[in-house]
Amino acid sequence: MNILHIDSGIFVEQSVSRKLSRDVVAHLTRNADAQVTHRDLVVNPVPHLDAETLLAEQNELSEELLAELQAADILVIGAPMYNFTIPTQLKAWLDRVLKAGVTFKYTEQGPQGLLQGKTAYIASGRGGVYSQGEAAALDHQESYLRNVLAFIGITDVHVVRAEGVNLGDEPRQQALTAAEEAIAAL
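Can you help me understand the packing of helix H1 (residues 16–29) against helix H6 (residues 169–184) in this one?
Helix-helix packing is characterised by the crossing angle of the two axes and by the distance between the axes. For the pair H1 and H6, interaxial distance at closest approach is 10 Å and the crossing angle is 20°. Considering their axes alone, H1 and H6 lie roughly parallel with respect to each other. The two elements H1 and H6 meet at a crossing, and its hand is right-handed. Two secondary-structure elements touch here, H1 through Val16, Lys19, Leu20, Asp23, Val24 and His27 and H6 through Arg172, Leu176, Ala179, Glu180, Ile183 and Ala184. Here the contact of H1 with H6 is composed, by residue class, of seven nonpolar, one polar and four charged.

Would you take a moment to explain the packing of helix H3 (residues 60–71) against helix H4 (residues 88–97) for this structure?
Interaxial distance between H3 and H4 falls to 9 Å at its minimum, and their mutual angle equals 85°. In terms of orientation, H3 and H4 fall into the roughly perpendicular class. Of H4, the residues touching H3 (which contributes Leu61, Ser62, Leu65, Leu66 and Leu69) are Trp93, Arg96 and Val97.

Hey, could you run me through the environment of lysine 19 in this one?
Its place among the elements puts lysine 19 in helix H1. Its relative accessible area of 27% is what places lysine 19 among the partly exposed residues.

What is the right way to look at the pairing of strand S7 (residues 156–163) in this model?
Pairing of strand S6 (residues 119–126) with S7 involves eight bridges; the strand directions are parallel. Counted as the bridge partner of tyrosine 121 is histidine 158 from S7. Handedness of the β-α-β unit built from S6, helix H5 (residues 142–151) and S7 comes out right-handed.

Sorry, what's going on with H5 here?
The α-helix advances 3.6 residues per turn, and as a result positions three or four apart in sequence lie on the same side. Burial in H5 covers these residues: Glu142, Leu145, Val148 and Leu149. Each buried residue of H5 sits inside an arc of 135° when the element is viewed along its axis, so together they form one side. In this structure, the buried residues of H5 make contact with strand S3 (74–80), H4, S6 and S7. Directly after H5, the chain includes glycine 153, whose backbone phi takes a positive value near 100°.

Even after reading the chapter, I still don't get the pattern of salt bridges, so can you show me in this structure?
A side chain of one charge can pair with a side chain of the opposite charge if their charged atoms are brought near each other. Taken as a whole, this structure holds twelve salt bridges when the rule is applied. Residues glutamate 180 and lysine 19 are paired through a salt bridge, measuring 3.7 Å at the closest nitrogen-oxygen approach. Residue glutamate 180 is found in helix H6, and its partner lysine 19 is found in helix H1; the two are separated by 161 residues along the sequence. Residue class for glutamate 180 comes out partly exposed when judged on its relative accessible area of 37%.

Looking at this model, I keep getting lost on the pairing of strand S2 (residues 35–40). Mind explaining?
Consecutive side chains along a regular strand alternate between the two faces of the sheet. Of the strand pairs in this sheet, strand S1 (residues 2–7) and S2 are connected by six bridges, and their pairing is parallel. In the sheet register, histidine 5 faces S2, and the bridge partner there is histidine 38.

What is the right way to read the nonpolar core from this model?
One broad trend across soluble globular proteins is that nonpolar side chains are buried collectively. By size, the foremost hydrophobic cluster in this structure holds 27 residues, and its most contacted members are Leu75, Leu90, Trp93 and Leu149. Looking at this core, the elements that each hand over two or more residues are S1, H3, S3, H4, S6 and H5. It is H4 that provides the largest number of residues to this core, a total of five residues. What leucine 75 contacts, discounting residues up to four positions off in sequence, is Leu4, Ile6, Leu69, Trp93, Thr119, Ala120, Tyr121, Leu149 and Ile154. One finds Tyr121, Ala123, Leu176 and Ala179 within the second-largest nonpolar core, a separate group that totals 17 residues.

Parameters and conventions
Residues numbered from 1 in each chain as written. Predicted model: local features only at pLDDT ≥ 70, side-chain atom pairs only at ≥ 80, totals over all residues. Heavy atoms only, no water. Axes fitted to C-alpha atoms, helices over the stretch in contact; angles between N-to-C directions. Helix = DSSP H or I, 4+ residues; strand = E, 2+ residues; numbered from the N terminus. Parallel < 35°, antiparallel > 145°, perpendicular 65-115°, else oblique. Left-handed = near helix turned anticlockwise from the far one by under 90°. Contact = heavy atoms within 4.5 Å. Nonpolar A, V, L, I, M, F, W, Y, C, P; charged D, E, K, R; others polar. Buried < 20%, exposed > 50% of the residue type's maximum accessible area, 1.4 Å probe, protein only. Pairing = 2+ DSSP bridges. Right-handed = clockwise from strand over helix to strand, strands pointing away. Arc of directions from axis to C-beta. Salt bridge = Lys/Arg side-chain N within 4 Å of Asp/Glu carboxyl O. Core = buried A, V, L, I, M, F, W, Y, C linked by side-chain atoms within 4.5 Å.

Given below as structure tokens:
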């Protein structure tokens, strides 16, 4: 089993999404022989895509990122919500791995993902509560990740969420406990 572990929380030591993604990887590998590739998009950022990079026939970094994703059976993404969406560091990685003819293709029936058969786990950290109520309309984090993963063929997606972590000590602890229980149930 090959696991690609992506982290994008900018608060390296205090990040809830990093803790959750580490816990997901630990849970998945506890009884399995697994190769884990860890890509920290904050410690080793991926430059944002520009026209020159996009139009280049070959780009060493893009090829490396694509090879890691293609080799993975399981993708674990540590994704905090910043300003209702994903961190810019994670967007830069996605811009490199969503590549026509490699991870998806256009057909007469529309786009087709080329990475079927993979499983993804999104370790989602949120300061507020966006899974329900009026604020749910502001969720452009988990919904975006689900859609972009489906676009490249990854439809087996599981979300482990800790939300409300900035609403006080008690809500934070409740959110972390619920996330730990969700990880244990994977």
